[in-house]
Amino acid sequence: MTSVCFYFQVHQPFRLNPHSIFDIGSGKSYFGVSDGTDLDNQAIMNKVATKCYRPMTQLLLELLERHPQFRVSFSITGTALEQFRQFAPDVIELFRALAATGRVEFLNETYHHSLAFIHSPEEFTRQIRMHTEAMEEVFGVTPTVFRNTELIYNNDLAAIVSKLGFRGMLAEGADHILGWRSPNFVYHSRGDTALPLLLKNYKLSDDIAFRFGEKTWESYPLTAATFANWVNSNHGAGDVVNLFMDYETFGEHQWEDTGIFSFMRELPTELYRHPDTRFATPSDVLADHAPVGEIDAPQYVSWADVERDLSAWHSNEMQADALRSVFALESDVIASGDEQLIDDWRRLTTSDHFYYMCTKWFADGDVHTYFNPYQSPYDAFIAYMNVLHDVQLRIDEIKARRVNGEPVSLRKVT
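A brief report on the enclosed structure follows. Since the model is a prediction, treat every value here as computed from it, not as a measurement.

A closer look at the packing of aromatic side chains
Right, on to step 1. All chains considered together, the criterion is met by 29 aromatic pairs.
Right, on to step 2. Aromatic pair tyrosine 7 and phenylalanine 244: ring centres 5.5 Å apart, planes at 85°, arrangement edge-to-face. With tyrosine 7 in strand S1 (residues 2-10) and phenylalanine 244 in strand S8 (residues 240-246), this pair connects stretches of sequence that are 237 residues apart.
Right, on to step 3. Classification of tyrosine 7 as buried rests on a relative accessible area of 0%.
Right, on to step 4. Ring centres of phenylalanine 227 and phenylalanine 263 lie 5.7 Å apart, and the angle between their planes is 70°; on these two criteria the pair is classed as edge-to-face. Placement of the pair is phenylalanine 227 in helix H9 (residues 224-232) and phenylalanine 263 in helix H10 (residues 260-271), with a sequence separation of 36 residues.

Some words on the environment of leucine 59
Right, on to step 1. With respect to the helices and strands, leucine 59 occurs in helix H1 (residues 41-66).
Right, on to step 2. Overall, the relative accessible area of 2% leaves leucine 59 in the buried class.
Right, on to step 3. When the C-alpha atoms of leucine 59 and asparagine 316 are compared, they prove to be 41 Å apart, with 257 residues separating the residues in sequence.
Right, on to step 4. Other than its neighbours up to four places away in sequence, leucine 59 contacts Phe261, Met264 and Arg265.

With respect to the side chain of glutamine 83
Right, on to step 1. Within the element layout of this structure, glutamine 83 appears in helix H2 (residues 78-87).
Right, on to step 2. Apart from residues no more than four positions distant in its own chain, glutamine 83 is found in contact with Gln12, Pro13, Phe14, Asn41, Met45 and Ala88.

Considering the sheet that holds strand S7 (residues 192-200)
Right, on to step 1. Pairing is mixed in the open sheet, where 5 strands are placed in the order S4-S5-S7-S6-S10. With one partner strand each, in any of the chains shown, strand S4 (145-147) and strand S10 (294-295) form the two edges of the open sheet.
Right, on to step 2. Looking at chain direction, strand S6 (residues 186-189) and S7 are connected through 4 bridges and run antiparallel. When the sheet's bridge partners are listed, tyrosine 187 is paired in S7 with leucine 197.

So, unusual backbone geometry
What is expected of a backbone is that most residues other than glycine have negative phi and most peptide bonds are trans.
Right, on to step 1. At the junction of tyrosine 220 and proline 221, the peptide bond is cis and its omega measures out at -10° in the coordinates.
Right, on to step 2. Along the chain, proline 221 turns up in the loop between helix H8 (202-209) and H9.
Right, on to step 3. For aspartate 305, which is not glycine, the phi torsion reads 65° and is therefore positive.
Right, on to step 4. For aspartate 305, a relative accessible area of 13% gives the class buried.

So, the nonpolar core
Soluble, globular proteins show a tendency: their nonpolar side chains are buried together.
Right, on to step 1. One finds Tyr153, Trp313, Leu348, Phe354, Tyr384 and Val391 to be the most contacted residues of the largest nonpolar core, which totals 59 residues.
Right, on to step 2. Among the elements that make up this core, the one with the highest residue count is helix H17 (residues 377-403) (10 residues).
Right, on to step 3. Not counting the four nearest positions on each side in its chain, tyrosine 384 is found in contact with Leu16, Ala322, Val326, Leu348, His353, Phe354 and Met357.
Right, on to step 4. Within the second largest apolar cluster, 58 residues are counted, among which are Val4, Ala134, Val138 and Val241.

Basis of the calculations
- Residues numbered from 1 in each chain as written.
- Predicted model: local features only at pLDDT ≥ 70, side-chain atom pairs only at ≥ 80, totals over all residues.
- Heavy atoms only, no water.
- Phe/Tyr/Trp six-rings, centres within 6.5 Å; stacked < 30°, edge-to-face > 60°.
- Helix = DSSP H or I, 4+ residues; strand = E, 2+ residues; numbered from the N terminus.
- Buried < 20%, exposed > 50% of the residue type's maximum accessible area, 1.4 Å probe, protein only.
- Contact = heavy atoms within 4.5 Å.
- Pairing = 2+ DSSP bridges.
- Core = buried A, V, L, I, M, F, W, Y, C linked by side-chain atoms within 4.5 Å.

In structure tokens:
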């Protein structure tokens, strides 16, 4: 019996407005407002909800009704949930309908889809707890499996996740940590059999997420029958085929006219043509299969770009400076007790801000350009650093009032 484990990441960041030096201290909103530009968070949410979240979630509900053994899993970031509440509350109801089936698992991650672990294990842990509380409040579930931002993983991170009590973790099945081994088995973290790992089969996952609509691809157009044959060819050579991808693959990255929805509608039927194929959630897989070996990852691995490392967010001086600067403010921000300031700062830890500053070119550069709402990485960096300067001013205002014994009447950003 081979399990097919579908996992979908749902995420939308709060994009920053262009912020010039003249905006520092002005009270101008940090995050994209309704002006119809590529930085308009409401417009982007409305677009993606129409193209992806509504039709794809309705399709999954149909598949769950049609196929009693069909199962999928999700993680939904806190920043996506907040924007659903603001701009598309019906999408939350659709996800609640998925949860009510009992055959959809919701995973845990950092609430703000952040890079906190790299600079602050304390903030990393706080954001995990925030996300757990959000899952309990919105969906009535307590996640037991962890998925870090962008599948970022290494040995040290695994040790913290294990101590937090998670029963398993997702990671990228990168060649440089697997070597000759297959991603189609359960493994465990280095020296810790208590933390099993599910590794993404990046070849099959990326056939859907990236290559599906590429007309120059030798397998275009990809049919559900062909893909099912590829998956089913793993029988006897693994326990699980982990298909991990962004949920926005469906309708947003791969547009409806590529046939992506028809493909997914037909896929369960085609996979079930093999009598020993089943669908499973991460918890199902972990309950049925013991780890077959250890994964040693002293360096960071992720699911981004051909390198599958941190270079998407940490490969140039702009990114390094921005990351150092935002986490240098952590202690003062937390100590301020100002809930809006803390929330604004946490939104600034979201990984997308640093992704927009990436200057890599070639094939990966094309991907970065597609996802970048700014005119250039340099524009993203300038806006970000100007906002950080404004955050520092707000911190200084709080400190000055406390030193002078004045009431802390905090400046708000509109």
